[in-house]
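Structural characterization, general
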Number of protein chains: 2
Amino acid sequence: MNANVTVYITLKEGVLDPQGSAVQKSLHQLGYDSVEKVEVGKTINVKLSGESKEDVKKQIEAMCEQLLANPVIEEYTYVIEEVLSV
Amino acid sequence: MNANVTVYITLKEGVLDPQGSAVQKSLHQLGYDSVEKVEVGKTINVKLSGESKEDVKKQIEAMCEQLLANPVIEEYTYVIEEVLSV
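Below you will find a few notes about this structure. Nothing here was measured: the structure is a model prediction, and the numbers come from that model. Each chain has its residues counted from 1, running along the sequence as written. Going through the entries in the order they are written, you letter the chains from A and number the ligands from 1. The predicted origin of the model limits local features to residues at a pLDDT of at least 70 and limits the giving and counting of side-chain atom pairs to 80 or more, whereas totals for whole chains, interfaces and linings rest on all residues. The basis for every side-chain value is the complete set of non-hydrogen atoms in the structure, without hydrogens or water.

**Quick notes on the packing of helix 1 (residues 18-29) of chain A against helix 2 (residues 53-68) of chain B**
Lines fitted to C-alpha atoms define the axes, with helix axes restricted to the stretch in contact, and inter-axis angles between N-to-C directions lie between 0 and 180 degrees. Here a strand is any run of E in DSSP of at least two residues, a helix any run of H or I of at least four, and the numbering for each starts at the N terminus. Between helix 1 of chain A and helix 2 of chain B, the shortest axis-to-axis distance is 11 Å and the interhelical angle comes to 110°. One way to sum up the angle between helix 1 of chain A and helix 2 of chain B is to call them roughly perpendicular. Facing helix 1 of chain A, whose interface residues are Val23(A), Ser26(A) and Leu27(A), helix 2 of chain B presents Met63(B), Leu67(B) and Leu68(B). Convention used here: angles under 35 degrees read as roughly parallel, angles over 145 as roughly antiparallel, angles from 65 to 115 as roughly perpendicular, and any remaining angle as oblique. The contact criterion used is simple: two residues touch if any of their non-hydrogen atoms lie within 4.5 Å.

Put into structure tokens, the structure is as follows:
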């Protein structure tokens, strides 16, 4: 199957997020006083093929552990969409 | 209302994505030959308050135009969740 996978990577609870804090400060300086918290994450969209949905899942999880995410400080979720040929 | 907004920022069609290309090359080097394309984007989670859903929407769009996204090369979508007090 051809798949379109979106991986959402965020920092684990309790890990310092300096990028989020910087954005939050900038928003306050621009006058957005109602902002309470900002967190910054990544999305990685991967187009790939696999023998089955299970195979795609296995490949994506291996990629996340090996390269896409840092399992020490980040966690990830993903959504798999099947691409049907037209 | 208290809101939890997730903003998804991606590069516009046709804009070069060197970060995506770098990740794709690394995946190929690691043996993931079935990967056809990789695109990297950002998510920004903002907790804020507003008078109404419309007000939250207006604030978020202004933030995106002013700071969070670069309207020349990036496009954004967002999801607003209302946080109900417990």
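Additional details are given in the paragraphs that follow.
**Considering the relation of the copies chain B and chain A**
Copies overlap after least-squares fitting; the atoms used are the C-alpha atoms of residues with pLDDT of at least 70 in both. If you rotate chain B by 180° and push it 0.0 Å along the axis, it lands on chain A with an RMSD of 0.0 Å. When the rotation and shift are considered jointly, the pair of chain copies conforms to a two-fold rotation axis. Relative to the rotation axis, the C-alpha of Lys42(B) is the closest in chain B, positioned 2.2 Å from it. The share of interface residues of chain B whose copies in chain A are also at the interface is 100%, consistent with both copies meeting through the same surface.

**Considerations on the sheet that holds strand 2 (residues 35-49) of chain A**
We call two strands paired when DSSP finds no fewer than two bridges between them. Pairing is antiparallel across the open sheet formed by six strands, whose spatial order is 3(A)-1(A)-2(A)-2(B)-1(B)-3(B). The open sheet has two edge strands, strand 3 (74-83) of chain A together with strand 3 (74-83) of chain B, and neither has a second partner. This sheet shows a mean twist of 20° between the axes of neighbouring strands, independent of strand direction. Here strand 1 (residues 2-11) of chain A pairs with strand 3 of chain A via ten bridges, running antiparallel. Residue pairing for strand 3 of chain A: Ala3(A) is matched across the bridge by Glu82(A). The sheet contacts of helix 2 of chain B involve strand 2 of chain A together with strand 1 (2-11), strand 2 (35-49) and strand 3 of chain B, and relative to strand 3 of chain B the element is tilted by about 150°.

**Digging into the side chain of Asp17(A)**
Residues and elements named next belong to chain A. Following the sequence through the fold, aspartate 17 ends up in the loop between strand 1 and helix 1. Burial classes follow relative accessibility: with a 1.4 Å probe on protein chains only, a residue under 20% of its type's maximum area counts as buried, one over 50% as exposed, and anything between as partly exposed. When charges are tallied, Lys and Arg are placed among the positive residues and Asp and Glu among the negative ones, while His and the ends of the chain are skipped. Salt bridges, as used here, are contacts in which a Lys or Arg side-chain nitrogen is within 4 Å of a carboxyl oxygen on Asp or Glu. Although aspartate 17 lies buried, it forms no salt bridge, and the closest oppositely charged side chain, lysine 37, sits 7.6 Å away as judged by the N-O distance. Aside from chain neighbours lying at most four places away, what touches aspartate 17 is Leu11, Val38, Glu39 and Val40.

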